[in-house]
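Here's the letter readout for the chains.
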Amino acid sequence: KFSGEALAGTEGYGIDTKILDYIAEEIKTLVEHGVEVAIVIGGGNIIRGVTAAADGVIKRTSADYMGMLGTVINGIAMQEALEYKGLSARLQTAIKMEQIAEPFIVRKAMRHFEKGRVVIFGAGTGNPYFTTDTGATLRATEIGADLLIKATKVNGVYDKDPMKFADAVKLENLTYDRALEDHIKVMDDTAIALAKENNKEDLIKEVLPKGDFHLQEE
């Protein structure tokens, strides 16, 4: 699961094609080593539902649907980047939009994996009030993934946001129970609870940039 903000690079919005290309190259390496890859991308580089609904002008449900559409935009970009690298990729969405993507059907997704394709899951869970973290955990459970990886611009798991608190402590190990009890927002609580219930292993992986660009401001 990639955060939408990661695609924005230092600009903070939109899609940085250098980062898109970097991610596609990393995924190509995985595929070449025989790994079946599914991708969920957030939409924060375009719009975040919670933020859009903050002042009440836009209802939360509508704002969340707007956010889901943002993830589909990112999904289209990711599909193009993967195909540019010579990979075969399919975008499936939780909200039907047949002109640009397949509807999410788990058996069809499994068939794509059998054929060596990368599958991108867009539009979250298809329901408001659920994050793409939860969407990623749900899809990982549905396809029987061996491992769920969350790739962000933070270099590990901290007891609180290291971008806001200078005294944040990096954690070497973290249980589901502690994450829930201490409200450690490595993923939202719904995603963590779902992962715990289905015994999915969560690995928080830093996405390290190549070249002269950076995923975040120095």
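See the structure shown above.
Residues numbered from 1 in each chain as written. Predicted model: local features only at pLDDT ≥ 70, side-chain atom pairs only at ≥ 80, totals over all residues. Heavy atoms only, no water.

Undergrad: Explain the overall build of the protein chain here, please?
TA: When helices and strands are counted, the protein chain shows 8 helices and 8 strands. In summary, the protein chain has a C-alpha radius of gyration of 17 Å against a globular reference of 17 Å for 218 residues, a match within 12%. For the C-alpha atoms alone, the extent of the protein chain along its principal axes is close to 45 × 40 × 35 Å. Taken across its 218 residues, the protein chain has 44% of its residues classed as buried. (Helix = DSSP H or I, 4+ residues; strand = E, 2+ residues; numbered from the N terminus. Rg over C-alpha atoms; globule rule 2.2 N^0.38 Å. Buried < 20%, exposed > 50% of the residue type's maximum accessible area, 1.4 Å probe, protein only.)

Undergrad: Where do I start with the packing of aromatic side chains in this structure?
TA: The geometry of two aromatic rings is summed up by the distance between their centres and the angle between their planes. For the coordinates displayed, the defined rule picks out 1 aromatic pair. Ring centres of Phe104 and Phe121 lie 5.5 Å apart, and the angle between their planes is 85°; on these two criteria the pair is classed as edge-to-face. Remark: Phe121 occurs in strand 4 (residues 118-122) and Phe104 occurs in the loop between strand 3 (102-103) and helix 5 (106-114); sequence separation between them is 17 residues. Neither residue differs from the other here; Phe104 and Phe121 are each classed as buried. Lying across the ring of Phe104, Arg139 places its NZ or CZ 3.7 Å from the centre. Geometry around Phe165 places Lys160 over its ring, the cationic atom sitting 5.3 Å from the centre. (Phe/Tyr/Trp six-rings, centres within 6.5 Å; stacked < 30°, edge-to-face > 60°. Lys NZ or Arg CZ within 6 Å of the ring centre and 35° of its normal.)

Undergrad: Explain the sheet that holds strand 2 (residues 89-93) to me, please; I cannot follow it from the model alone.
TA: Consider a sheet: its strands pair through backbone hydrogen bonds, and that pairing is either parallel or antiparallel. Taking strand neighbours across the sheet as the criterion, the 4 strands line up as 1-4-2-3 in an open arrangement whose pairing is parallel. For this open sheet the edge positions go to strand 1 (38-40) and strand 3, each flanked by a neighbour on one side alone. (Pairing = 2+ DSSP bridges.)

Undergrad: Would you explain the pattern of salt bridges in this entry?
TA: Opposite charge on two side chains allows them to pair when their charged atoms are near. Throughout the structure, instances matching the rule amount to 11 salt bridges. Measuring nitrogen to oxygen at the nearest pair gives 3.0 Å for the salt bridge that ties Asp167 to Lys160. Assessed through its relative accessible area of 48%, Asp167 is described here as partly exposed. In this structure, Asp182 engages Arg178 in a salt bridge whose closest nitrogen and oxygen atoms are separated by 3.1 Å. Where salt bridges share partners, they join Lys1, Asp133 and Lys150 into one cluster. (Salt bridge = Lys/Arg side-chain N within 4 Å of Asp/Glu carboxyl O.)

Undergrad: Explain the packing of helix 6 (residues 132-143) against helix 8 (residues 189-197) here, please?
TA: Any two packed helices are characterised by how steeply their axes cross, that is the angle between the axes, and by the distance between the axes. Relative to each other, helix 6 and helix 8 sit at 15°, their axes nearing to 8 Å. In terms of orientation, helix 6 lies roughly parallel with respect to helix 8. As for how helix 6 packs across helix 8, the hand of that crossing is left-handed. Between helix 6 and helix 8, the residues in contact are Asp133, Thr134, Thr137 and Leu138 and Thr190, Ala191, Leu194 and Ala195, respectively. Here the residues of the contact of helix 6 with helix 8 are counted per class, giving 4 nonpolar, 3 polar and 1 charged. (Axes fitted to C-alpha atoms, helices over the stretch in contact; angles between N-to-C directions. Parallel < 35°, antiparallel > 145°, perpendicular 65-115°, else oblique. Left-handed = near helix turned anticlockwise from the far one by under 90°. Contact = heavy atoms within 4.5 Å. Nonpolar A, V, L, I, M, F, W, Y, C, P; charged D, E, K, R; others polar.)

Undergrad: Is there a simple way to think about the nonpolar core in this case?
TA: The nonpolar side chains of a soluble globular protein tend to be buried, and buried together. Phe2, Ile23, Ile27, Ile39, Met78, Leu82 and Val118 are the most contacted members of the largest nonpolar core, which totals 27 residues. Within the residue set of this core, elements represented by two or more residues are helix 2 (17-32), helix 4 (60-84), strand 2 and strand 4. Considering every element that reaches this core, the biggest residue donor is helix 2, with 7 residues. Once residues lying within four places of it in the same chain are set aside, the contact partners of Ile39 are Phe2, Ile27, Met78, Leu82, Val118, Val119, Ile120 and Phe121. Counting residues in hydrophobic clusters, the runner-up holds 19 residues, among them Phe104, Leu148, Val157 and Ala191. (Core = buried A, V, L, I, M, F, W, Y, C linked by side-chain atoms within 4.5 Å.)

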